[in-house]
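Chain and residue survey
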Amino acid sequence: MILRGRRLMGQNKVFCPTLPSSSSSSLERNLPGVMLDEEENPDSRIVDVYRRRGKPKRGFGVRVLNLDDVELSGPLPRFLPTPTFYSVAVGDTAILECGVVELDDKKVIWRRASDSNPLTVGRESFHEDNRIMSEHEPHSNYWNLLIHRVQLRDAGVYECQVSSKLRHLRHHVLLQVHAISISGSSVVDRDGTIFLRCNATGQDHSPDDLDWFIEGNKLSTSSDEKVSIRKFVSLTDRTIVSILEIQNAQLGDSGLYTCRTSNLQVRSMHVAVLNKRAYG
């Protein structure tokens, strides 16, 4: 059974038709969060929201345990289309979007899907991690969750929920966190050696593999040993390391070097090979 009513502006009450006493037994069976009680004014159609249960008396009115037990007239809140997958590098900022229209005075709650405790309710935070906060512009339909300086432990499924018992008023997003870095000299003299190192760390285990590219073209160890690629894996650190060396670098070896893991973590670095004769 669903009670329909109209919210009183600025109050935690709704107008709702009074029910005859004969409805008490069926109402109690079908809606345990609702009790029938005698109001001071039996003709009053005010339904008060309170937070304790009781047994029916004579049934002149209805009191609701939680406002979410009442289906208010008018359109229900609904989610706007937003991404459901985000991939962010360690140290970057993740912005998880949640757009809701017809919110009325309900709250938007963010939590990890694996944890019943909220991270944020509206603009308020309910945790001790100051990296995580809610972002909302006045008159905007978006209530985004911001995670600054993302860490590997932040990966997982997050839930944006409208404060209601209606199960469909929930929006889930997956945050993938990758840790990948590339280091080395960005400027090399002609006939010198290009030396680049790429580290990639996985969430549960190290990535299976790591490849190198220059301007989108895949590199591999050459038979003349001009190009050398070495790989190392640390199971305890969940890390794969790849070292790229290009001997006797020429001007044509300049370009954008990219390392990419098997789970599509990517980092790039531009390397310039300079002709020594050009500057002395």
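The structure reproduced in this document is the subject of the present report.

Conventions and cut-offs
- Residues numbered from 1 in each chain as written.
- Predicted model: local features only at pLDDT ≥ 70, side-chain atom pairs only at ≥ 80, totals over all residues.
- Heavy atoms only, no water.
- Pairing = 2+ DSSP bridges.
- Helix = DSSP H or I, 4+ residues; strand = E, 2+ residues; numbered from the N terminus.
- Disulfide = S-S within 2.5 Å.
- Axes fitted to C-alpha atoms, helices over the stretch in contact; angles between N-to-C directions.
- Contact = heavy atoms within 4.5 Å.
- Polar contact = N/O pair within 3.5 Å; in protein donor to acceptor, adjacent residues only side chain to side chain.
- Patch = residues over 30% accessible without salt bridge, like charges linked within 9 Å, V, L, I, M, F, W, Y side chains within 5 Å.
- Areas by Shrake-Rupley, 256 points an atom, 1.4 Å probe, with all protein chains shown as cover.
- Salt bridge = Lys/Arg side-chain N within 4 Å of Asp/Glu carboxyl O.

Let us now look at the pairing of strand β22 (residues 227-234). Note: β22 against strand β23 (residues 239-246), 8 bridges, orientation antiparallel. Looking at the pairing, F232 lines up with V241 of β23. In sequence, β22 turns back onto β23 through a hairpin of 4 residues, with R238 there showing a positive phi of about 55°.

Now for the sheet that holds strand β21 (residues 217-218). Judged by pairing direction, the sheet is mixed, and its 5 strands sit side by side in the order β18-β25-β24-β20-β21 without closing on themselves. Each end of this open sheet is capped by a strand with a single partner; those strands are β18 (187-189) and β21. As judged from the 3 bridges shared by β18 and strand β25 (residues 266-274), these two strands associate in the parallel manner. Bridging across to β25, V187 finds its partner in A272.

Turning our eyes to something else, we now look at the state of the cysteines. Scanning the model with the defined rule gives 2 disulfides in all. Between the sulfur atoms of C98 and its disulfide mate C160 the distance is 1.9 Å. The sign of the S-S torsion, about -75°, decides the handedness of the disulfide formed by C98 and C160: left-handed. Taken together, the positions of C98 in the loop between β9 (94-96) and β10 (100-101) and C160 in strand β16 (residues 156-162) put the pair 62 residues apart, joining distant regions of the chain. Here C198 engages in a disulfide with C259; their sulfurs sit 2.1 Å apart. Negative torsions about the S-S bond denote left-handed disulfides, and the value of about 65° found for C198 with C259 makes this one right-handed. Note that C198 is positioned in strand β19 (residues 194-201) and C259 in strand β24 (residues 255-261), a separation of 61 residues in sequence. Bonded cysteines in the protein chain are paired 1-2, 3-4 when counted in the order they occur along the chain.

The subject of this paragraph is the sheet that holds strand β15 (residues 144-147). If you walk across this open sheet you meet the 3 strands as β9-β15-β14, and the pairing is antiparallel. Edge strands, defined here as strands with exactly one partner in the open sheet, are β9 and β14 (132-135). Looking at each pair of strands side by side, their axes are set apart by 25° on average, direction ignored. For β14 and β15, the ladder comprises 4 bridges, and the chain directions are antiparallel. Looking at the pairing, E135 lines up with N144 of β15.

The next subject is the environment of L219. Relative to the elements of secondary structure, L219 occurs in the loop between β21 and β22. It is 8.5 Å that separates the C-alpha atoms of L219 and I229, two residues lying 10 residues apart in sequence. If we skip the residues at most four places from it in the chain, L219 touches W212, F213, I214, I229, L244 and Y257.

Mapped onto the elements of the fold, D253 is located in the loop between β23 and β24. Put simply, D253 and V273 are 20 residues apart on the chain and 6.7 Å apart in space, counted from C-alpha to C-alpha. Aside from chain neighbours lying at most four places away, what touches D253 is I194, I214, K226, I246, N248 and V273. At 3.3 Å, the side chain of D253 and the side chain of K226 are in polar contact.

As judged from the 6 bridges shared by strand β17 (residues 170-184) and β19, these two strands associate in the antiparallel manner. If you follow I182 over to β19, its bridge partner there is C198. Pairing between β19 and β23: 8 bridges, direction antiparallel. Pairing of F195 across the sheet is with E245, part of β23.

Let us now look at the side chain of N144. Assignment of secondary structure puts N144 in strand β15. Here C98 takes part through its backbone nitrogen, which lies 3.2 Å from a polar atom of the side chain of N144. Not counting residues within four places of it along the chain, the set of residues in contact with N144 comprises I95, L96, E97, C98, W110, M133, S134 and E135.

Further remarks concern a nonpolar patch on the surface. Where nonpolar side chains cluster on the molecular surface, the patch consists of F85, V157 and L174 and spans about 240 Å² of accessible area. Residue position: L174 is located in strand β17.

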